[in-house]
Amino acid sequence: MQPFPIKAREALITQIMRPVRTGRIVHAMIFAGPAGTGRKTAAKYVAQTLCCDAKAGRPCGVCASCRRFRDSNAPELITLAPDPKEIKIEAVRALLEGISLRPEGKMKCVIIEEADRMNPSAQNALLKTLEEPPEYAVFFLITQHPSVLLPTIRSRCTLVRFAPLEDEEVEEILINHGVSEERAHSIAPMARGCAGKAIAISGDAEYPQKTETLLNAMKDLKTERDVASVGPAIAGMRDDEKLLSELLEECAQELMHEDVRTPLARTLQENGIDGAALMQAVIGFVRMRASNVSFQYAAEMLLYNMLKPV
Ligand SMILES: [Zn+2]
């Protein structure tokens, strides 16, 4: 059997694989968690297992199907990702057409990356298939914000949460990516358990400066009157909106769990911003951007909404 490549996620994979190993097929799963916690790797691994030709010890890693997965050349696996910021109904329709014909192999698996970027009509198109999936089809919805998905979609899927990794685990992954031990040690805590983020930080020389920009802007956000002056400072993060929503979402988590650690979360707390309100504001922001609302407007609403009492 080919082992799962991320050691830190072995227990979770065992749990996900239990129904697969007993032959029960779960047709739709949401893998929710921060980027770089192994969600997509896990989806590919489950897909490979489902498609493997071996009788036992799946995924075997050597059969024709497993070799196609290894070479990223498996027609059994279709991946859909935002283009560039949104997943539109046309893309979902094309995808569904692709799985409407019975495959030559055993199964057909679909990975939808950043599934929360599907606009509502795209989600509704997918919903119809999730309600009555072909018996050979399995869907993996990868998302950082499962609550942005329509409740009707969520109710059709098994939700699996990918918790952040330990700092030591992130450090190890960074070192395996060629980052020096010393740098890996200093970057790991910044990534808050997300290997993907740690790798992004290690390759982004401007990361400290970007977080500093956000921190300085937020220091001045105390009442609704401040939105007009803070807005333009946030507008500078237009090219880093994912980072913006990630950093604020982390702060919301810290505030909600009363575990304030980062200077940004501390600043927001001092300014009286509530964790739940902040989380709602971030979800609203992501939703607006997925529906093509302008960055400037979405960012202003983000600021207004986080100031609202819950
Ligand atoms: Zn195989």
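Residues numbered from 1 in each chain as written. Predicted model: local features only at pLDDT ≥ 70, side-chain atom pairs only at ≥ 80, totals over all residues.

### Describing the sheet that holds strand E3 (residues 108–112)
Read across the sheet, five strands follow the order E2-E3-E4-E1-E5 without closing on themselves; strand pairing throughout is parallel. Strands at the two margins of the open sheet, each flanked by one partner only, are strand E2 (77–80) and strand E5 (158–161). Sheet twist, expressed as the average angle between the axes of neighbouring strands with direction ignored, equals 20 degrees. In the sheet, E2 pairs with E3 via four bridges, with the strands oriented parallel. Bridged to Thr79 within E3 is Ile111. Helix H2 (residues 39–51) contacts strand E1 (28–32), E2, E3 and strand E4 (137–143) of the sheet and is inclined by roughly 175 degrees relative to E4. (Pairing = 2+ DSSP bridges. Helix = DSSP H or I, 4+ residues; strand = E, 2+ residues; numbered from the N terminus. Axes fitted to C-alpha atoms, helices over the stretch in contact; angles between N-to-C directions. Contact = placed C-beta atoms within 7 Å.)

### So, the nonpolar core
One finds Phe31, Val110, Phe140, Cys251, Leu278 and Val282 to be the most contacted residues of the largest nonpolar core, which totals 72 residues. A domain-level breakdown of this core finds at least three residues from each of domain 1 (7–161) and domain 3 (207–304). Membership of the second largest hydrophobic core comes to 14 residues, among which are Ala35, Val179, Ala188 and Ala198. (Core = buried A, V, L, I, M, F, W, Y, C linked by C-beta atoms within 7 Å. Buried ≥ 20, exposed ≤ 12 C-beta atoms within 10 Å, placed from the backbone. Domains from an automatic or database assignment.)

### Observations regarding the domain arrangement of the protein chain
According to the domain assignment, the protein chain contains domain 1 (7–161), domain 2 (165–203) and domain 3 (207–304). Centre-to-centre separation of domain 1 and domain 3, based on C-alpha positions: 31 Å. Contacts between the two partners involve eight residues from domain 1 and, on the opposite side, seven residues from domain 3. Residues belonging to the side of domain 1 that touches domain 3 are distributed by class as follows: one nonpolar, three polar and four charged. (Nonpolar A, V, L, I, M, F, W, Y, C, P; charged D, E, K, R; others polar.)

### Section: the pairing of E1
For E1, the tally of buried residues reaches five of five residues, placing the bulk of the element in the interior. Both faces of E1 are covered, namely the face carrying Ala28, Ile30 and Ala32 and the face carrying Met29 and Phe31. Sheet analysis places E1 next to E4, joined by five bridges and oriented parallel. Residue pairing in the sheet places Phe31 in a bridge with Ile142 of E4. Alignment of E1 against E5, held across four bridges, turns out to be parallel. Opposite Ile30, over in E5, you have Leu159 as the bridge partner.

### Observations concerning the packing of helix H1 (residues 10–21) against H2
Look at H1 against H2: their axes get within 11 Å of each other, and the N-to-C directions meet at 30 degrees. Taken together, H1 and H2 sit at an angle that is classed as roughly parallel. At the point where H1 passes H2, the crossing takes the right-handed sense. The residues of H2 that touch H1, namely those facing Ile13, Ile16, Met17 and Val20, are Ala42, Tyr45, Val46, Thr49 and Leu50. (Parallel < 35°, antiparallel > 145°, perpendicular 65-115°, else oblique. Left-handed = near helix turned anticlockwise from the far one by under 90°.)

### Quick word on the environment of Phe69
Of note, Phe69 is situated in helix H3 (residues 64–70). Residues Phe69 and Ala290 lie 221 residues apart in sequence; the distance between their C-alpha atoms is 31 Å. Phe69 has contacts with Lys44, Gln48, Ala74 and Leu77, leaving out every residue within four places of it along the chain.

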